[in-house]
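Each chain is listed here by its residues.
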Amino acid sequence: MIKQSFSWDGFARTGVEPRRLIRAAADIGYAGIDLVPQDFWQPTKDAGLKIVCIVGHPLSPAGLNKREHLPAIEASIRANLELAARWEIPHLICFSGNRYGLDETAAAEITAEHLRRLGALAGSYGVTLILELLNSKVKDRDYQADHTAWAAQVCRMVDLPHVKLLYDIYHMQIMEGDIINTVRQNHAHIAHYHTAGNPGRADLDEAQELNYPAIVRAIKETGYDGFIGHEFFPKGDAVAALKAAFEVCNV
């Protein structure tokens, strides 16, 4: 059974009292929270919710696709693996970094080299590194892992069970569309999903173009039993948006 979570920042920034947000999520039926600040890890667990993922190293132009960035990234991941193991957090999010003209093949080889090293370490902690797919169009960031085929190839090159993808449906709708077919073809490499409405990165409502019930059904048909995390910025009340998103994806 697919479990639902939500990404903390977009909802917390509405001004809702944090503990009210946690309690409301548990009451609605959520099973976890993504990227919740450490100050609220214990209240999250006390509410019976899983801390689904945290950032393994910062999102910045300096990522896994350049060898000179590895020492800083590895130091960050080592520290966060200790935390993840202690708090039973299953996933650390990783980032490719920006292209800066780097050849796609060379970038894949370097990224895979780094994730092979770091993934073996993560496996010893029982944690999975998830490389996030992001768009390079809206933010104009020239992010390397901006297409599923490239990131899935990196996973194949790494060939470790503790290195997978974070497939962000919103970002991949912007970059390539064809969401359901892409999920069906690449689900073996996907460990977590994020949602948001497009355009606007807001609620999963009728003002946006993605058919989330159909997408979630397709994900379920692959046998996926992990989390789908809602990572959008509510237009209105945070708790109402949480409830509406849960109902849309509870298929």
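Not measured: the values here are computed from a predicted model. (Residues numbered from 1 in each chain as written. Predicted model: local features only at pLDDT ≥ 70, side-chain atom pairs only at ≥ 80, totals over all residues. Heavy atoms only, no water.)

Some details on the overall build of the chain
Point 1. In terms of regular secondary structure, the chain is built from ten helices and eight strands.
Point 2. The C-alpha radius of gyration of the chain comes to 17 Å, within 12% of the 18 Å expected for a compact globule of 251 residues.
Point 3. If one aligns the C-alpha atoms of the chain with their principal axes, the spans along those axes are about 45 × 40 × 35 Å.
Point 4. Per-residue burial over the chain gives 56% buried out of 251 residues.
Point 5. Within the chain, residue pairs in contact and separated by at least 24 positions form 76% of the contacts whose partners lie at least 6 positions apart.
Point 6. Total accessible area on the chain is roughly 10600 Å²; 50% of this is exposed by carbon and sulfur atoms.
Point 7. Charge separation in the chain, taken as the distance between the mean sites of 25 positive and 31 negative side-chain charges, equals 3 Å. (Helix = DSSP H or I, 4+ residues; strand = E, 2+ residues; numbered from the N terminus. Rg over C-alpha atoms; globule rule 2.2 N^0.38 Å. Buried < 20%, exposed > 50% of the residue type's maximum accessible area, 1.4 Å probe, protein only. Contact = heavy atoms within 4.5 Å. Areas by Shrake-Rupley, 256 points an atom, 1.4 Å probe, with all protein chains shown as cover. Lys, Arg positive; Asp, Glu negative; His and termini not counted. Charge placed at Lys NZ, Arg CZ, Asp CG, Glu CD.)

Looking at helix α2 (residues 18–28)
Residues spaced three or four apart along an α-helix point in a common direction, a consequence of the helix completing one turn every 3.6 residues.
Point 1. By the burial criterion, the buried members of α2 are Leu21, Ile22, Ala24, Ala25 and Ile28. Around the axis of α2, the buried residues are gathered within 165° of arc, so they sit on the same side.
Point 2. Buried residues in α2 make contact with β1 (3–7), α1 (8–12), β2 (32–34), α3 (41–46) and α10 (238–249).
Point 3. At the N-terminal end of α2, a side-chain oxygen is found 3.0 Å from the backbone nitrogen of Arg19, two or three residues along, and the residue is Glu17.
Point 4. Positioned one or two residues after α2, Gly29 has a phi angle of 125°, which is positive. (Arc of directions from axis to C-beta. Polar contact = N/O pair within 3.5 Å; in protein donor to acceptor, adjacent residues only side chain to side chain.)

As for the environment of Lys235
Point 1. Locating Lys235 in the fold gives a position in the loop between β8 (227–230) and α10.
Point 2. Spatially, the C-alpha atoms of Lys235 and Gly56 are 29 Å apart, while their sequence positions differ by 179 residues.

Structural notes on the pattern of salt bridges
Point 1. This model, assessed by the stated rule, comprises twelve salt bridges.
Point 2. The closest approach of N and O atoms between Arg78 and Glu74, which form a salt bridge, is 3.1 Å. Of this pair, Arg78 and Glu74 both sit in helix α4 (residues 70–87), separated by four residues, roughly a single helical turn.
Point 3. Classification of Arg78 as partly exposed rests on a relative accessible area of 42%.
Point 4. Exposure remark for Glu74: the relative accessible area of 10% places this residue in the buried category.
Point 5. Its salt-bridge partner being Arg117, residue Glu74 comes within 2.9 Å of it at the nearest N-O pair. One end of the pair, Glu74, is in helix α4; the other, Arg117, is in helix α5 (residues 104–125), and 43 residues separate them in sequence. (Salt bridge = Lys/Arg side-chain N within 4 Å of Asp/Glu carboxyl O.)

Comments concerning unusual backbone geometry
Point 1. The peptide bond linking Asn198 to Pro199 adopts the cis configuration, its omega dihedral lying at 0°.
Point 2. In this fold, Pro199 is placed in the loop between β7 (190–195) and α9 (212–221).
Point 3. Look at Tyr100: it is not a glycine, yet its phi comes out positive at around 50°.
Point 4. In this fold, Tyr100 is placed in the loop between β4 (91–94) and α5.
Point 5. For Tyr100, a relative accessible area of 57% puts it in the exposed group.
Point 6. Positioned with a positive phi, Arg201 is a non-glycine residue whose angle comes to about 50°.
Point 7. Position of Arg201 relative to the elements: it lies in the loop between β7 and α9.

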